[in-house]
Amino acid sequence: MTTPGQRKKALQEAGFNTFLLRSEDVYIDLLTDSGTSAMSDSQWAGMMQGDEAYAGSRNFYNLEKVIREVYGYQYIIPTHQGRGAENILSRILIRKGDIVPGNMYFTTTRLHQELAGGKFEDIIIDEAHDPESEFPFKGNVSLDKLDKLVQQYGAGRIPYVSIATSVNMAGGQPISMNNLKELRAYTSKHNIRIIHDMTRVAENAFFIQQREKGYEKKSVAAIVREICSYTDGATMSAKKDALVNIGGFLAVNDWHVFEEARNMVVVYEGLHTYGGLAGRDMEAMAIGIQESVSDDHIRARIGQVIYLGEKMIDYGIPIVRPIGGHGIFVDAKKFLPHIPQDCYPAQTLAAEIYLDSGIRTMERGVVSAGRKANGKNYYPKLELVRFTIPRRVYTQAHMDVIAESTLRVYERKARIKGLTMVYEPKYLRFFQARFQKL
Ligand code: P70
């Protein structure tokens, strides 16, 4: 725990960017659910069985087997984390001038698509951009938007449709099975692949079980398997759903894509049977994947997020509805209506929450959105602060402290002033940008 004076100093030194705080100065860390979950006793036992051979580690073959069983993808390549898989896949499938439609952008995914010469086009339904819409599947794709792109550019210019389960930037919102089935039918007709960002697929499966007709009695494991079956391949950051501190993979069903990826991975990550990971990391991942599709685990995990969200709603704090899978997303535009988007309301709010109680959250608004290829800022409709909940780490009492702190800031919101950016890095600026108080 820290004093207000210590926090003020720490925040100044961090340039009002929560990514630049030292974790020792943080009391409750809600920066991300990525790599921050607690491993189970089984996973730790698996770590002790690392086969650290350079090539052909037994942990690799176990991981491959588990991915085939749990997700159904045929060929896999481990990578150090999600963006490693995104890099390889984008380089293989995207040609200069290609269009990559997707259900809302994700920062690293879109950047790799752009670096490979592609252009991301958002085809998520309009409801996703409205924090107040209670639509149960705000991760859905608009087939009309996709069809317009196909008419305009031709299917030949679209290497794949990029589909995330539990859409992160929309607030952890799920895509429905029905929408996926329709998308599969449409893309099969036009011979377009679907690539699945499966970082939080189990959380998406839970919402399908809770909300979609016909899935009430199906297990999360069965739903996960069915989701994957409508897609041609996947990139995975195993640091989220799969409960490891580091790791990821690329999975595909097409042998030719696999062959290219298997060759390319040796340039960027490591040999194709370890991809930048230790044998023990692959073992922990294999066990974490199996744990992640347990109904009891996922109910407890999302139950905690919902507990926090309902408390915030009771306090009158504006949050994205319905409550998402991996965290609570506070609507900074509504929270701080007097701060224009150019003065970074979400960045400001994340700084104020830290000042109040030492809770670290993350900006998900105009700073995260970055600039277009032509240098102009993206102005996303959603200007959010993400309170991300690590898995198997915090207690209900922590959730109470978080909601109470947010309420205190809400009560003094009128006196809060915005920020100005004084340092802006070229790539993924939100990680290292610096700000000053206006
Ligand atoms: C987060 C993390 C990572 C992520 C993701 C989805 C849907 C791919 C990745 C990349 C970490 C992060 C990354 C960029 C900005 C802020 C935070 N999301 N797809 O906190 O995976 O990090 O393993 O390379 O959510 O949401 P990786």
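Reading the values: the criteria
- Per chain, residues are indexed from 1 in the order of the written sequence.
- Given that this is a predicted model, residues contribute local features only at a pLDDT of at least 70 and side-chain atom pairs are listed and counted only at 80 or more, while totals for whole chains, interfaces and linings are drawn from all residues.
- Side-chain metrics rest on all non-hydrogen atoms present in the structure, leaving aside hydrogens and water.
- Two strands are said to pair when DSSP picks up at least two bridges between them.
- Numbering of helices and strands runs from the N terminus, with a helix taken as a DSSP run of H or I at least four residues long and a strand as a DSSP run of E at least two residues long.
- An axis is simply a line fitted to the C-alpha atoms; with a helix, the fit covers only the stretch in contact. Between two such axes, the angle follows the N-to-C directions and lies from 0 to 180 degrees.
- Contacts are residue-level and defined by heavy atoms, with any inter-residue pair within 4.5 Å sufficient.
- What we call a nonpolar core is a set of buried Ala, Val, Leu, Ile, Met, Phe, Trp, Tyr and Cys residues that are connected through their side-chain atoms within 4.5 Å.
- Accessible area is worked out with a 1.4 Å probe on protein chains only. A residue is then buried under 20% of its type maximum, exposed over 50%, and partly exposed in between.
- Note on definitions: salt bridges are taken to be side-chain nitrogens of Lys or Arg within 4 Å of carboxyl oxygens of Asp or Glu.
- By convention, a crossover is right-handed whenever its connection, traced from the first strand over the helix to the second and viewed with the strands pointing away, goes clockwise.
- Geometric relationships in this document are graded by angle, where less than 35 degrees denotes roughly parallel, more than 145 denotes roughly antiparallel, 65 to 115 denotes roughly perpendicular, and other angles denote oblique.
- Should the near helix be turned anticlockwise from the far one by less than a right angle, the crossing is termed left-handed; should it be turned clockwise, right-handed.
- Three classes are used, and their members are as follows: Ala, Val, Leu, Ile, Met, Phe, Trp, Tyr, Cys and Pro are nonpolar, Asp, Glu, Lys and Arg are charged, and the others, Gly among them, are polar.
- Being near a molecule or strand, for a residue, means having at least one of its heavy atoms within 4 Å of it.
- In protein, a polar contact means a hydrogen-donor-capable atom and an acceptor-capable atom, both N or O and within 3.5 Å, with residues adjacent in sequence counting only if both atoms are side-chain atoms; elsewhere, any N or O pair within 3.5 Å suffices.
- Areas reported here follow the Shrake-Rupley algorithm with a probe of radius 1.4 Å; residue values treat only the protein chains shown as occluding.

A. Main features of the sheet that holds strand β9 (residues 327-331). As summarised here, the arrangement of the three strands in space is β9-β12-β11, forming an open sheet in which the pairing is antiparallel. Pairing within the sheet leaves two strands with one partner each, and these edge strands are β9 and β11 (362-364). Sheet twist, expressed as the average angle between the axes of neighbouring strands with direction ignored, equals 30°. In the sheet, β9 pairs with strand β12 (residues 384-388) via five bridges, with the strands oriented antiparallel. Note that in β12 the partner of I328 across the bridge is F387. Running over the sheet, helix α12 (residues 295-314) touches β9 and β12 and is turned about 25° from β9.

B. Up close: the nonpolar core. Y71, M198, V224, F249 and I289 are the most contacted members of the largest nonpolar core, which totals 58 residues. Counting 30 residues, the second largest nonpolar core, distinct from the first, contains I323, M399, L407 and I416.

C. Here's a closer look at the pattern of salt bridges. Across all of its chains, the model carries 27 salt bridges by this definition. E114 is the salt-bridge partner of R110, the closest N and O atoms lying 3.8 Å from each other. Of this pair, R110 and E114 both sit in helix α5 (residues 107-115), separated by four residues, roughly a single helical turn. Judged by relative accessible area, E114 falls into the partly exposed class, the value being 28%. A salt bridge links D400 to K311; the nearest nitrogen and oxygen atoms lie 2.8 Å apart. Taken together, the positions of D400 in helix α16 (residues 396-411) and K311 in helix α12 put the pair 89 residues apart, joining distant regions of the chain. One salt-bridge network, in which partners are shared between bridges, spans D33, R200, E203, D241, R301 and R391.

D. Seen up close, the pairing of strand β6 (residues 193-197). A large share of β6 lies buried, amounting to four of its five residues. Direction of pairing for strand β5 (residues 160-164) relative to β6: parallel, over a ladder of five bridges. Across the sheet, residue A164 finds its bridge partner in β6, namely D197. At this point the chain moves from β5, through helix α7 (residues 177-189), to the parallel β6, and the crossover so formed is right-handed. The pairing of β6 with strand β7 (residues 233-237) spans three bridges and is parallel. Across the sheet, residue H196 finds its bridge partner in β7, namely A234.

E. Representation of the packing of helix α3 (residues 58-70) against helix α11 (residues 279-292). In contact at an axis separation of 8 Å, α3 and α11 are set at 20° when each is read in the N-to-C sense. Considering the angle they form, α3 stands roughly parallel to α11. With respect to the hand of their crossing, α3 and α11 are arranged in left-handed fashion. Where α3 abuts α11, its residues N59, F60, N62, L63, V66, I67 and V70 lie against G279, R280, M282, E283, M285, A286, I289 and Q290. For the contact of α3 with α11, the per-class residue count stands at nine nonpolar, four polar and two charged.

F. Quick peek at the site of the ligand. Around the ligand, a shell composed of 21 residues is seen, among which T32, D197, S237, K240 and R386 lie nearest. Measuring from an oxygen atom of the ligand, one finds a side-chain N or O atom of S237 at 2.6 Å. For the ligand, an oxygen atom lies 2.7 Å from a polar atom in the side chain of R386. In isolation the ligand offers 550 Å² of accessible surface; the protein chains occlude 97% of this area. Among the elements of the structure, α4 (82-93), α5 and β11 are those that each provide at least two residues to the shell around the ligand. Of the residues forming the shell around the ligand, the biggest block, three residues, is contributed by α4.

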